Amino acid sequence: MSRQIAALEAELGGGPLFDRLPRGVRLTEAGRSLVPHAEAVVAALLEARRELEALREAAAGRLRFGAFATADAALVPHALALFRTRRPRVRVTREEGFTPTLLDRLAAGLLDLAVVSTTGRAPLDSYELHHLLDEPLYVAVAADHALAGQDGPVPLGRFADADWICGSARPEGTLLEVALRQGFRPRVAHVVGEWTAKQGYVAAGLGVTLVPALAAGSVRPDVRLLRVLDTGGPARAVYAASVRGRHPTPAAAAFLAALREAAARIPR
């Protein structure tokens with residue numbers, strides 16, 4: 001304490017703040033004038049500490065995350081159910097969107113975590129990526145399709161002459177882009193965005209479509225799924241993305257753990 005007082009006196013010009021008496025100390029005139037300023041500094045530090053504690057409590061009690069659509073079919077609900085049992089008091093807000101949009105909102109600080117995929121070659125390099133799973137693909141065909149009873153994986157090239165149902169007129173930036181990597185440009189006969197509507201077109205025999213593994217459990221009974229033979233690696237990878245260098249909130253870290261557990265339960 002004596003050394004700290006001496007250092008303060010030296011910093012303020014060298015004058016004494018206390019008279020050193022045989023039995024204790026007493027404020028000098030300079031010391032008495034400094035007291036209100038010292039009290040203001042202490043009060044400001046206490047207020048800063050209260051504000052920081054309030055921020056930490058708010059962050060710990062809030063989770064903001066986003067996910068692409070098919071992750072919401074199986075992965076996210078299972079993870080959210082696990083998370084709810086462990087953090088029942090955390091306020092959760094969820095968004096659904098395409099990977100590029102989710103990444104933009106993550107970078108803007110509007111999300112704590114985003115479940116994203118490599119579909120469409122989204123710019124993932126500048127984010128902290130936590131690998132969840134590599135997702136195989138299936139071709140959905142009508143129940144009476146010639147290949148409906150096929151056992152084992154099927155090369156995607158077997159459907160090079162098929163009519164395709166896709167969410168876009170062009171395969172670039174969609175799951176169907178995998179066909180380009182396998183040497184053919186698919187003929188998109190019907191542009192259908194909504195997943196259940198795609199299944200209706202397939203069931204009616206109007207074409208085939210690609211189904212990611214995350215959505216395979218919600219296929220209607222008059223549609224058959226054929227596993228696509230992987231050539232050159234899995235069709236797409238799924239990650240939980242966070243901003244590189246940004247410390248995760250306790251809620252985000254807990255949800256990431258739940259996502260990993262849920263991903264391990266997804267049938268491969």
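Quick look at the structure, then. Please read all numbers here as calculations on a predicted model, not as lab measurements.

The next point concerns the sheet that holds strand E7 (residues 137-142). Within a sheet, neighbouring strands are paired by backbone hydrogen bonds and run either parallel or antiparallel to one another. Spatially, E10-E7-E11 is the arrangement adopted by the 3 strands of the open sheet, whose pairing is antiparallel. Each of the sheet's edge strands pairs with one partner strand only, and the pair in question is strand E10 (209-212) and strand E11 (223-227). Strand-to-strand twist of the sheet, defined as the mean angle between neighbouring strand axes without regard to direction, takes the value 40 degrees. Most of the contacts of helix H6 (residues 195-203) go to E10, to which it runs at about 135 degrees, and overall it touches E7, E10 and E11.

Attention now moves to the side chain of Lys 198. Note on placement: Lys 198 falls in helix H6. For Lys 198, which is buried and forms no salt bridge, the nearest opposite charge comes from Glu 194, at a distance of 9.2 Å. Each residue touching Lys 198, except ones within four places of it in the same chain, is listed here: Ile 165, Cys 166, Gly 167, Val 192, Gly 193 and Thr 209.

Glancing now at helix H7 (residues 250-264). Think of an α-helix as turning once every 3.6 residues; residues three or four places apart then point the same way. Taking 1.5 Å as the rise per residue, H7 with 15 residues should run 21 Å; its terminal C-alpha atoms sit 22 Å apart, in good agreement. The set of residues buried in H7 consists of Ala 251, Ala 252, Ala 254, Phe 255, Leu 256, Ala 258, Leu 259, Ala 262 and Ala 263.

Moving on: the layout of surface pockets. Looking at the largest pocket, its volume works out to about 850 Å³. Taken together, 31 residues line the largest pocket, and the ones lying closest to its centre are Ala 69, Thr 70, Phe 98, Leu 175 and Lys 198. Those elements that place two or more of their residues in the lining of the largest pocket are helix H4 (99-107), strand E8 (163-166), H6 and E10. Split by residue class, the lining of the largest pocket holds 14 nonpolar, 13 polar and 4 charged.

Summed over the entire model, instances satisfying the criterion amount to 13 salt bridges. Its salt-bridge partner being Glu 128, residue Arg 244 comes within 3.9 Å of it at the nearest N-O pair. Highlighted residues: Arg 244 in the loop between strand E12 (236-243) and H7 and Glu 128 in strand E6 (residues 127-135), separated in sequence by 116 residues. Judged by relative accessible area, Glu 128 falls into the partly exposed class, the value being 34%. In this structure, Glu 177 and Arg 181 form a salt bridge, with 4.0 Å as the shortest nitrogen-oxygen distance. You can see Glu 177 and its partner Arg 181 sitting in helix H5 (residues 177-181), 4 residues apart, about one turn around the helix. Taken together, the shared-partner salt bridges in this structure form one network comprising Asp 72, Arg 94 and Glu 96.

Across all of its chains, the model carries 3 aromatic pairs by this definition. Residues Phe 65 and Phe 255 carry aromatic rings whose centres are separated by 4.5 Å and whose planes lie at 40 degrees to one another, so their mutual orientation is tilted. Note that Phe 65 is positioned in strand E3 (residues 62-67) and Phe 255 in helix H7, a separation of 190 residues in sequence. On the accessibility criterion, Phe 65 (0% relative accessible area) is buried. Here Phe 255 falls in the buried class, since its relative accessible area comes to 0%. With a centroid separation of 6.4 Å and 70 degrees between ring planes, the pair formed by Phe 159 and Trp 164 is classed as edge-to-face. By relative accessible area, Phe 159 is classed as buried at 2%.

Strand order across the open sheet formed by 5 strands is E4-E3-E5-E12-E6, with mixed pairing between neighbours. The open sheet has two free edges, formed respectively by strand E4 (91-96) and E6, since each of these has just one partner strand. Ignoring strand direction, the axes of neighbouring strands in this sheet form an average angle of 20 degrees. Inspection of the sheet shows E3 paired to strand E5 (residues 113-117) by 3 bridges, in the parallel sense. Bridge assignment links Ala 67 to a residue of E5, and that residue is Val 115. H4 contacts E3, E4, E5, E6 and E12 of the sheet and is inclined by roughly 155 degrees relative to E5. Contacts from H7 reach E3, E5, E6 and E12, with the element oriented near 20 degrees to E6.

Of all hydrophobic cores here, the largest spans 29 residues; its most connected members are Leu 75, Val 115 and Leu 259. Elements represented by at least two residues in this core include exactly E3, helix H3 (75-86), E5, E6, E12 and H7. With near-sequence residues (within four places) excluded, Leu 259 lies in contact with Leu 75, Ala 79, Leu 113, Val 115, Leu 132 and Ala 240. In terms of nonpolar packing, the next biggest core, distinct from the first, is built from 19 residues, Leu 137, Val 141, Leu 147 and Ala 179 among them.

What counts and how
Along every chain, residues carry numbers that run from 1 in the direction the sequence is written. The model is predicted, so local features are restricted to residues of pLDDT at least 70 and side-chain atom pairs to those at 80 or more, both for listing and for counting; the totals for chains, interfaces and linings are taken over all residues. Excluding hydrogens and water, the side-chain figures rest on all heavy atoms present in the structure. Paired strands, in this sense, are two strands between which DSSP finds at least two bridges. Numbering of helices and strands starts at the N terminus; helices are DSSP runs of H or I of at least 4 residues and strands are runs of E of at least 2. The axes used here are C-alpha line fits, helices contributing only the stretch in contact, and every angle between their N-to-C directions lies in the interval 0 to 180 degrees. A contact between two residues is defined here by any heavy atoms of the two lying within 4.5 Å. The buried label goes to any residue with under 20% of its type's maximum accessible area, the exposed label to any with over 50%, and the partly exposed label to all in between, with areas taken from a 1.4 Å probe on protein chains only. The convention is simple: Lys and Arg are positive, Asp and Glu are negative, and His and the chain ends are not counted. For salt bridges, the criterion is a side-chain nitrogen of Lys or Arg within 4 Å of an Asp or Glu carboxyl oxygen. Expected helix span is given by 1.5 Å per residue-to-residue step, counting one fewer step than there are residues. Grid points spaced at 1 Å over the protein atoms alone were grouped into cavities, where a 1.4 Å probe fits but cannot get out, and pockets, open sets with protein on both sides within 12 Å along at least five of seven lines, with lining residues defined by an atom within 4 Å of a point. Grid points are joined across faces, edges and corners, and a volume is the space filled by probe spheres set on the points. All residues other than Ala, Val, Leu, Ile, Met, Phe, Trp, Tyr, Cys, Pro, Asp, Glu, Lys and Arg, Gly among them, are scored as polar; the first ten of these are nonpolar and the last four charged. Whether two aromatic rings pair depends on their centres lying within 6.5 Å, for rings of Phe, Tyr and Trp, where Trp uses its six-membered ring; planes under 30 degrees apart make the pair stacked, over 60 edge-to-face, and the rest tilted. In these notes, a set of buried Ala, Val, Leu, Ile, Met, Phe, Trp, Tyr and Cys residues joined through side-chain atoms within 4.5 Å is what counts as a nonpolar core.

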